[in-house]
Amino acid sequence: MIVQLITSFIASATFCILFNTPKRMLFQCGLAGMLGWMVFLLLDPEWKSVVATFFATVVVGAVSQIFARSFKTPVIIFSVGGIIPLVPGGLAYDAMRRFIEDDYNTALQAAVQAFLLSGAIATGLVLSEVLGQMFRRGRK
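- Within an unreviewed UniProt entry, the label attached to the protein reads Threonine/serine exporter, and the organism entered is Paenibacillus apii.
- Per its UniProt entry, the protein bears the Subcellular location (unreviewed entry) comment "Cell membrane".
- Here is the UniProt Sequence similarities (unreviewed entry) comment for the protein, exactly as written: "Belongs to the ThrE exporter (TC 2.A.79) family."

Structure, rendered in structure tokens:
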């Protein structure tokens, strides 16, 4: 698990380099990705991977909101880097490869799983944004 957490930190931070994130924010971006992956690893054995991805994305969104307020930067800097370990890119690639190989049953299963995981990521980010706005309005 430690190796996976370190790898998710590095993946998130280096992905943010591609998007020209300020260098002083790379540690926080990596931390957001690592926290999201940690939540996913803890929840995945107990629940389905879609539910684990959803809750991990909510955590990434909440952490991104906190970092954005703390460092006075846009939320997207942290949330995009933070969700990178959760994105089902390998699964989507596998689905397309199976379609090419005429293995339609396996391809369809992988494509649906990738679609559900992507939907869980989108829903988790939206929910964390809405909860963040509700919390800010409640404090005023």
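A few points about the overall build of the protein
In step 1: Looking only at helices and strands, one finds six helices and zero strands in the protein.
In step 2: Walking the protein from its N terminus toward its C terminus, one meets helices and strands in the order α-α-α-α-α-α.
In step 3: What you see for the protein is a C-alpha radius of gyration of 16 Å, in line with the 14 Å of a compact globule of 140 residues.
In step 4: Oriented by its inertia axes, the alpha-carbon framework of the protein measures out at about 55 × 30 × 25 Å.
In step 5: Charged side chains of the protein number 11 positive and 7 negative; the gap between the two group centres comes to 25 Å.

What to know about the packing of helix α5 (residues 89-100) against helix α6 (residues 104-139)
In step 1: Where α5 meets α6, the closest approach of the two axes is 8 Å, and the angle between their N-to-C directions is 155°. One element, α5, and the other, α6, form an angle in the roughly antiparallel class. α6 is crossed by α5, and the crossing has left-handed handedness. In this structure, α5 uses Leu91, Ala92, Ala95, Arg98 and Phe99 to contact α6, whose residues at the interface are Tyr104, Thr106, Ala107, Leu108, Ala110, Ala111, Gln113, Ala114 and Leu117.
In step 2: Residues of the contact of α5 with α6, tallied by class, amount to 11 nonpolar, two polar and one charged.

Observations regarding the layout of surface pockets
In step 1: Roughly 190 Å³ of volume is contained in the largest pocket.
In step 2: Lining the largest pocket, in full, are Val58, Ala62, Gln65, Ile66, Arg69, Ser128, Leu131, Gly132, Phe135, Arg136 and Arg139.
In step 3: Only α3 (49-71) and α6 provide two or more residues apiece to the lining of the largest pocket.
In step 4: The class makeup of the residues in the lining of the largest pocket is five nonpolar, three polar and three charged.

Things to note about a nonpolar patch on the surface
In step 1: Nonpolar side chains collect at one region of the surface, where Val126, Leu127, Val130, Leu131 and Met134 lie side by side and expose about 430 Å² of accessible area between them.
In step 2: Exposure remark for Leu131: the relative accessible area of 42% places this residue in the partly exposed category.

Structural notes on the pattern of salt bridges
In step 1: Across all of its chains, the model carries four salt bridges by this definition.
In step 2: Measuring nitrogen to oxygen at the nearest pair gives 2.9 Å for the salt bridge that ties Asp94 to Arg97. Within this pair, Asp94 and its partner Arg97 are both found in helix α5, separated by three residues, close to a single helical turn.
In step 3: Residue classification places Asp94 among the partly exposed residues on the basis of a relative accessible area of 22%.
In step 4: For Arg97, a relative accessible area of 32% puts it in the partly exposed group.
In step 5: The structure contains a network of salt bridges with shared partners spanning Asp94, Arg97, Arg98, Glu101 and Asp103.

Each value, and the rule that gives it
Counting of residues starts from 1 at the beginning of each chain's written sequence and follows it residue by residue. Local features in a predicted model are, by the rule used here, given only for residues with pLDDT of at least 70; side-chain atom pairs are given and counted only at 80 or more, and totals for whole chains, interfaces and linings are based on all residues. Side-chain measures here rest on the full set of heavy atoms in the structure, leaving out hydrogens and waters. UniProt positions are given in the numbering used here, feature names are shortened, and annotations may be inferred rather than shown by experiment. A run of H or I in DSSP counts as a helix once it spans at least four residues, and a run of E counts as a strand once it spans at least two, with each numbered from the N terminus. The globule rule is 2.2 Å times the number of residues to the power 0.38, and the radius of gyration it is compared with is taken over C-alpha atoms. In this tally, Lys and Arg are treated as positive and Asp and Glu as negative; His is ignored, and so are the chain termini. Here the site of a charge means atom NZ of a Lys, CZ of an Arg, CG of an Asp or CD of a Glu. Axis geometry follows a simple rule: fit a line to the C-alpha atoms, using only the stretch in contact for helices, then measure angles between N-to-C directions, giving values from 0 to 180 degrees. In this scheme, roughly parallel covers angles under 35 degrees and roughly antiparallel covers those over 145, while 65 to 115 is roughly perpendicular and the rest are oblique. Left-handed describes a crossing whose near helix is turned anticlockwise from the far helix through less than a right angle; right-handed describes the clockwise counterpart. Every residue pair with non-hydrogen atoms within 4.5 Å of one another is taken to be in contact. Throughout, the ten residues Ala, Val, Leu, Ile, Met, Phe, Trp, Tyr, Cys and Pro are labelled nonpolar, Asp, Glu, Lys and Arg are labelled charged, and all others, Gly among them, are labelled polar. Definitions used throughout: a 1 Å grid over protein atoms alone; a cavity as a set of points that fits a 1.4 Å probe which cannot get out; a pocket as an open set with protein on both sides within 12 Å along at least five of seven lines; a lining residue as one with an atom within 4 Å of a point. Grid points are joined across faces, edges and corners, and a volume is the space filled by probe spheres set on the points. Any residue with relative accessible area above 30% and no salt bridge may belong to a patch, with like charges joined within 9 Å and the nonpolar Val, Leu, Ile, Met, Phe, Trp and Tyr side chains within 5 Å. Working definition of accessibility: Shrake-Rupley area with a 1.4 Å probe, residue cover restricted to the visible protein chains. The salt bridge criterion pairs a side-chain nitrogen of Lys or Arg with a carboxyl oxygen of Asp or Glu, the two atoms within 4 Å. Accessible area is worked out with a 1.4 Å probe on protein chains only. A residue is then buried under 20% of its type maximum, exposed over 50%, and partly exposed in between.

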